[in-house]
Amino acid sequence: MEMKQLPTAGLAGAAFCLAAILAGAALSIFGTGAAGLARALQVTARFSFLLFWLAYAGGAMKTLFGAGFQTIAWRGRDFGLSFASAQLVHVALIAWLYRTAGELPLSRPVFMCQMIALAWTFLLSLLSIHRVALALGHLRWRMLRVTGMESISFAFLVYFLNHPADGTISVLAFYVPFATMCVLGTILRLAAWASRGATVTKSA
C-alpha cells in the first residue's frame, strides 16, 4: 500500500504503537529502573524526531529538489500528527521516571525547553483541525505554525547538544547525526523560503 493511501489516523496509530514497541524493547533489555527508562526515553525521542523532521523539512525538500519529494511534502500534516502521537509514549515514560525515581531525565533548564516544545506540539495538533485553522485565518495560522515548528526544532537541537562531549561511539551515534539533522532542516527551510521569494520577485 502506498503511503498516500494510508489514512492520517492509521499513520498516527502506527507511530504510537511503534514508539511503544521501541520503549518496551528498551525496558526489556535495560530493565525498568532509572537506567532503563532513560534508555527508553532516548529511543522514543529519536524516533519521534524523525517523524517531526519529515514534517519540518518535507515541504522545503520538495521546493528545492522537485517532485521526488512531493509525497513527503503532501503528508506533512500526517507526519506532524504521527510525531505528536509518538510523543505521548515519551511523555508517559517521563512521568514514570519521575514517579519511580523522583528525578527529571534532563537538567531543569533543558527540561523546561522540552516542555515548551511539547506544548507547541499539541497546540499545532489542534491547529491542524480544519475548522480551527479557518477560525484563526490563514496569516495567524501560518505565523503560529512557523513559530511552533521552529520552537520544536530548537528544543530538539538543545536536547541533542546536551550531552558529554567525550567523543565516544555512543555520543557520535546517539547525538551528532540528530543534531546535524536539526541544523540541516533549518538550512533547507531557509533556502526554500529564499527560493520562493526569488520566484515571486521574478514573476512580479
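Residues numbered from 1 in each chain as written. Predicted model: local features only at pLDDT ≥ 70, side-chain atom pairs only at ≥ 80, totals over all residues. Heavy atoms only, no water.

Caption draft 1: Spotlight on the packing of aromatic side chains. By the definition in use, this model includes 11 aromatic pairs. Measuring from ring centre to ring centre gives 5.2 Å for Phe49 and Phe160, while their planes differ by 80°; the resulting arrangement is edge-to-face. Separated by 111 residues along the polypeptide, Phe49 in helix α2 (residues 34–65) and Phe160 in helix α7 (residues 138–161) bring together distant segments of the chain. Plain terms: the ring middles of Phe52 and Phe83 are 5.4 Å apart, the flat faces sit at 55° to each other, and that makes the pair tilted. Within this pair, whereas Phe52 is found in helix α2, its partner Phe83 is found in helix α4 (residues 76–101), the two being separated by 31 residues in sequence. Considered together, Phe52 and Phe83 belong to a single accessibility category, that of buried residues. Every member of this aromatic cluster is reached through a ring pair, and the members are Phe49, Phe52, Tyr56, Phe83, Phe156, Tyr159, Phe160 and Phe178. When the ring centre of Phe30 is taken as origin, the NZ or CZ atom of Arg39, which lies over that ring, is 5.0 Å away. (Phe/Tyr/Trp six-rings, centres within 6.5 Å; stacked < 30°, edge-to-face > 60°. Helix = DSSP H or I, 4+ residues; strand = E, 2+ residues; numbered from the N terminus. Buried < 20%, exposed > 50% of the residue type's maximum accessible area, 1.4 Å probe, protein only. Lys NZ or Arg CZ within 6 Å of the ring centre and 35° of its normal.)

Caption draft 2: Summary view of the side chain of Ser85. Here Ser85 is to be found in helix α4. The contacts of Ser85, once residues within four sequence positions are left out, are Ala12 and Phe16. (Contact = heavy atoms within 4.5 Å.)

Caption draft 3: A look at the packing of α2 against α7. Relative orientation of the contacting elements α2 and α7 amounts to 145°, with a least axis distance of 11 Å. With respect to the hand of their crossing, α2 and α7 are arranged in left-handed fashion. Facing Leu41, Gln42, Ala45, Arg46, Ser48, Phe49, Phe52, Ala55 and Tyr56 of α2, the residues of α7 in contact are Arg145, Met149, Glu150, Ile152, Ser153, Phe156, Tyr159 and Phe160. Partitioned by chemical class, the residues of the contact of α2 with α7 number 11 nonpolar, 3 polar and 3 charged. (Axes fitted to C-alpha atoms, helices over the stretch in contact; angles between N-to-C directions. Left-handed = near helix turned anticlockwise from the far one by under 90°. Nonpolar A, V, L, I, M, F, W, Y, C, P; charged D, E, K, R; others polar.)

Caption draft 4: The arrangement of the layout of surface pockets in detail. Estimates place the volume of the largest pocket at around 670 Å³. Considering the residues around the largest pocket, the lining is formed by 33 residues, among which Ala55, Gly76, Arg77, Trp141 and Arg145 are closest to the centre. Of all the secondary structure elements, the ones that give two or more residues to the lining of the largest pocket are α2, α3 (70–74), α4, α5 (108–127), α6 (130–136), α7 and α9 (176–203). Here the element with the most residues in the lining of the largest pocket is α2; it accounts for 7 residues. Grouping the constituent residues of the lining of the largest pocket by class yields 20 nonpolar, 8 polar and 5 charged. As for the second largest pocket, its lining consists of 24 residues, of which Ala45, His90, Leu106, Gln114 and Tyr159 are closest to the centre. When contributions to the lining of the second largest pocket are tallied by element, the ones reaching two or more residues are α2, α4, α5 and α7. A per-element tally of the lining of the second largest pocket places α5 first, with 6 residues. By residue class, the composition of the lining of the second largest pocket is 17 nonpolar, 7 polar and no charged. (1 Å grid on protein atoms, 1.4 Å probe; cavity = no way out; pocket = protein on both sides within 12 Å on 5 of 7 lines; lining within 4 Å. Points joined across faces, edges and corners; volume = space filled by probe spheres on them.)

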